[in-house]
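# Geometric and topological summary
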Amino acid sequence: RFLRPGMRIDLGGIAKGWSVDRGVEILRRMGIEHAMVNAGGDTRIIGDRLGRPWVVGIRHPDDKDKVVLRIPLTDTAMSTSGDYERYFEEDGVRYHHILDPRTGRSAAKLRSVTIIAATATRTDALTKSVFVMGAEDGIRFIDTLGDVDAIAVTPEGKVLYSKGLTPP
């Protein structure tokens, strides 16, 4: 129990990713070989799209009609977390739902993080971790994992990539 009345914890940090993975398991048991399962920012792809990769766009944090990057994907998962869907502004400060546990305040080092990995449970959890770490530390951390990639958008609009996505 918590010492402060009304305080609670939930699995919101990985619940959608976990649900997406369970949906993929059901589809595979049914023999489905090509599909995309999405739950608001968390996606898992089975196979390809009619012989070609699925092309997924990563939304620009300040303009819902623009994309930062389009990326071709097959048989993988991806999740995006950002400060632009669930937030409010007060006195020029943006308050959103991804909190830095060190300060208890909204994390402010990034605007958006997209993670690509084998499962949506993993990508869903890692987006929040990298968001709190910030661009340089977060990308450096992702590069140590070997089987995960990341795209990070800074408050200044700079787009950073993990080494698996960096053009040669």
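Residues numbered from 1 in each chain as written. Predicted model: local features only at pLDDT ≥ 70, side-chain atom pairs only at ≥ 80, totals over all residues. Heavy atoms only, no water.

## A few points about the packing of aromatic side chains
Aromatic ring pairs are defined here through the distance separating the ring centres and the angle between the ring planes. Here the structure, examined in full by the defined rule, presents one aromatic pair. Ring centres 5.1 Å apart and planes at 20° place the aromatic pair Phe-88 and Tyr-95 in the stacked group. Taking relative accessible area as the criterion, Phe-88 reaches 47% and is therefore assigned partly exposed. Just above the ring of Tyr-87 sits the side chain of Arg-94; from NZ or CZ to the centre is 4.1 Å. (Phe/Tyr/Trp six-rings, centres within 6.5 Å; stacked < 30°, edge-to-face > 60°. Buried < 20%, exposed > 50% of the residue type's maximum accessible area, 1.4 Å probe, protein only. Lys NZ or Arg CZ within 6 Å of the ring centre and 35° of its normal.)

## Quick notes on the environment of Ala-35
On the secondary structure map, Ala-35 appears in strand β1 (residues 35-39). C-alpha of Ala-35 to C-alpha of Thr-74: the two residues are 39 residues apart in sequence and 9.8 Å apart in space. Apart from residues lying up to four places away in sequence, Ala-35 is in contact with Leu-27, Arg-44, Ile-45, Ile-46 and Trp-54. (Helix = DSSP H or I, 4+ residues; strand = E, 2+ residues; numbered from the N terminus. Contact = heavy atoms within 4.5 Å.)

## Describing the environment of Glu-136
As for its placement among the helices and strands, Glu-136 is situated in helix α3 (residues 135-145). Looking at Glu-136, the relative accessible area reads 52%, which means it is exposed. For the pair Glu-136 and Tyr-161, spaced 25 residues apart in the sequence, the C-alpha separation amounts to 9.8 Å.

## Quick look at the nonpolar core
Membership of the largest hydrophobic core comes to 17 residues, with the highest contact counts inside it found for Leu-110, Val-113, Ile-115, Val-130, Phe-131, Ile-142 and Val-148. Looking at this core, the elements with two or more residues in it are β10 (112-117), α2 (120-133), α3 and β11 (149-153). Looking at this core element by element, the count peaks at four residues for α2. For Val-130, the contacting residues outside a window of four places in its chain are Leu-110, Val-113, Ile-115, Gly-138 and Ile-142. (Core = buried A, V, L, I, M, F, W, Y, C linked by side-chain atoms within 4.5 Å.)

## Thoughts on the pattern of salt bridges
On inspection of all chains with the given rule, the structure shows 13 salt bridges. With its nearest N and O atoms 2.6 Å apart, the salt bridge here joins Arg-22 to Glu-25. Here Glu-25 and Arg-22 lie together in helix α1 (residues 15-29), a separation of three residues that amounts to about one turn. For Glu-25, a relative accessible area of 37% gives the class partly exposed. Residues Arg-111 and Asp-83 are paired through a salt bridge, measuring 2.8 Å at the closest nitrogen-oxygen approach. Of this pair, Arg-111 sits in the loop between β9 (105-106) and β10 while Asp-83 sits in the loop between β5 (77-82) and β6 (87-90), and the two are 28 residues apart along the sequence. A single network of salt bridges, built from pairs that share partners, joins Asp-62, Asp-83, Glu-89, Arg-94 and Arg-111. (Salt bridge = Lys/Arg side-chain N within 4 Å of Asp/Glu carboxyl O.)

## Here's the deal with α1
Between the first and last C-alpha of α1 there are 21 Å, a value that for 15 residues agrees with the 21 Å anticipated at 1.5 Å per step. Residues of α1 that are buried include every one of Gly-17, Val-20, Asp-21 and Val-24, and no others. One face of α1 carries all of its buried residues, which in axial projection span an arc of 100°. Residues of α1 that are buried sit in contact with β1, β2 (42-46) and α2. At the exit of α1 stands Gly-31, carrying a positive phi of roughly 90°. (Expected span 1.5 Å × (residues − 1). Arc of directions from axis to C-beta.)

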